[in-house]
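Chain residues, written in single-letter form:
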Amino acid sequence: MNTISSPLDLIQLLVGYQPAATISTASRLGLFDALTDQPQPASEIAKYLAVDDSNLEALLRALVQLGLVSHSDGEFAATPFSANYLQNNSDLDMIIRKEAFFSTAWSRLDEVVRSGHPILPPWKERLHARSSQATEFLYALDALARLTGPPLAELPELTRGRILDVGGGLGTYSRALAEAGSTTVLVDLPDVIELARDHLADLPAGSVEFVAADIFSESACGIEIESVDAALVSHMLHDYPKETGVELLRSANRAIRPGGFVVVNDFANDTGPAAFGGLFDLMMRVETGGAAHSLATLGEMLLTSGFCDVRRVAFPDPITVLIATKDS
Ligand SMILES: C[S@@+](CC[C@H](N)C(=O)[O-])C[C@H]1O[C@@H](n2cnc3c(N)ncnc32)[C@H](O)[C@@H]1O
């Protein structure tokens, strides 16, 4: 457990918002697109972006110190990393925008703690309003899963037969599992399924089946009862309180054949590194009114929804992958 024992340690935590704001500002201004591998004076970049010379130079210098811009002889250039990863609409740019959006909600954490309610409207409303933020959020999740998610396609339980991807979003894992040889059934809300169809359009026809359904209003996540060999429940349970999570797992359970498997990919509130679990838990309370559950609670949720033999796959923290077998 981390113990703060000096004012300086605390101050370092308190200014933690500054690097994030510096990076998201650079992204919003289009600075990473304006930089090339050829060094340019700040004044030239400022002219191109139509911003203030002196403050842009300060921003560039801070980015140099953060390791995202290179500097020589008073001129600034992209680093290989920023040139490769931080262009407008790149994977990391989507993640930068997602975090910038959520940082505004985090600034109202006191309201969440007082009221017991999240800051953001329910996901279905955000989706329905067709806000660009909701769409960008889905692309950011896709990028996060590809860049940092566990290699779920290496799990034998998910690569044999027909696999249900519950709330599969744009289909990051459906794609990986289909490419590993399974037939995947991607279930999500209609607006998301529309985007997922486009996103997975390059896959061979039939390797992913798309089902537009509300998993809470259908008895088996919107598919035929006992029609899949396994279900993946990835980054779903933290969106809900425990009771709703159990409801979701029961719905998935009905879709799985007896003796089949459920694989839960999530983050627990009691795993690291450092304060990751606790902060992730707070994030879910700010965003969705859900919660990151403890490892023990996740296990308990699986046992009460008709699964047995719960085991954790040995991926490094904070990745939390639990596999359980459907009671026969
Ligand atoms: C946090 S995302 C997880 C996406 C993906 N499984 C992953 O691991 O990246 C939650 C997903 O659940 C979907 N979802 C939320 N409520 C749903 C519902 N009632 N029925 C079906 N899908 C739902 C969302 O649209 C979104 O794609």
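For the structure itself, look to the data block above.
Predicted model only: the values in this text are computed from it and were never measured.

Asker: Report on the sheet that holds strand β2 (residues 69-72), specifying residues and quantitative values.
Answerer: A sheet is described by the order of its strands in space; here 3 strands give the open sequence β1-β3-β2, paired in antiparallel fashion. This sheet does not close on itself; its edge strands, each paired only once, are β1 (40-41) and β2. Bridging between β1 and strand β3 (residues 75-78) involves 2 bridges; their strand directions are antiparallel. In the strand pairing of β3, Pro41 is matched with Glu75. Contacts between helix α5 (residues 53-65) and the sheet are confined to β2 and β3, with β2 contributing the most and set at about 105° to the helix.

Asker: Break down the layout of surface pockets for me, with residues and values.
Answerer: The computed volume of the second largest pocket comes to approximately 160 Å³. Forming the walls of the second largest pocket are 13 residues, and the residues nearest its centre are Arg146, Thr172, Tyr173, Arg175 and Ala176. Elements that contribute at least two residues to the lining of the second largest pocket include exactly α10 (132-148) and α11 (172-179). Examining the composition of the lining of the second largest pocket, we find that 5 residues originate from one element, α11, more than from any other. Split into classes, the residues belonging to the lining of the second largest pocket amount to 5 nonpolar, 4 polar and 4 charged.

Asker: Talk me through the side chain of Asp93; I want residue IDs and the actual numbers.
Answerer: In this structure, Asp93 sits in helix α7 (residues 91-106). Among the polar contacts listed, one links the side chain of Asp93 to the backbone nitrogen of Asn89, at a separation of 2.8 Å. Aside from chain neighbours lying at most four places away, what touches Asp93 is Ser27, Tyr85, Gln87 and Asn88.

Asker: Please provide a residue-by-residue account of the side chain of Ser294, values included.
Answerer: For Ser294, the position within the fold is in the loop between α14 (276-287) and α15 (295-304). For Ser294, a relative accessible area of 16% corresponds to the buried category. Here Thr297 takes part through its side chain, which lies 2.8 Å from a polar atom of the side chain of Ser294. Beyond its immediate chain neighbours, meaning those up to four positions away, Ser294 contacts Ala268, Asn269 and Asp270.

Rules and cut-offs
Residues numbered from 1 in each chain as written. Predicted model: local features only at pLDDT ≥ 70, side-chain atom pairs only at ≥ 80, totals over all residues. Heavy atoms only, no water. Pairing = 2+ DSSP bridges. Helix = DSSP H or I, 4+ residues; strand = E, 2+ residues; numbered from the N terminus. Contact = heavy atoms within 4.5 Å. Axes fitted to C-alpha atoms, helices over the stretch in contact; angles between N-to-C directions. 1 Å grid on protein atoms, 1.4 Å probe; cavity = no way out; pocket = protein on both sides within 12 Å on 5 of 7 lines; lining within 4 Å. Points joined across faces, edges and corners; volume = space filled by probe spheres on them. Nonpolar A, V, L, I, M, F, W, Y, C, P; charged D, E, K, R; others polar. Polar contact = N/O pair within 3.5 Å; in protein donor to acceptor, adjacent residues only side chain to side chain. Buried < 20%, exposed > 50% of the residue type's maximum accessible area, 1.4 Å probe, protein only.

Geometry only, nothing functional implied.
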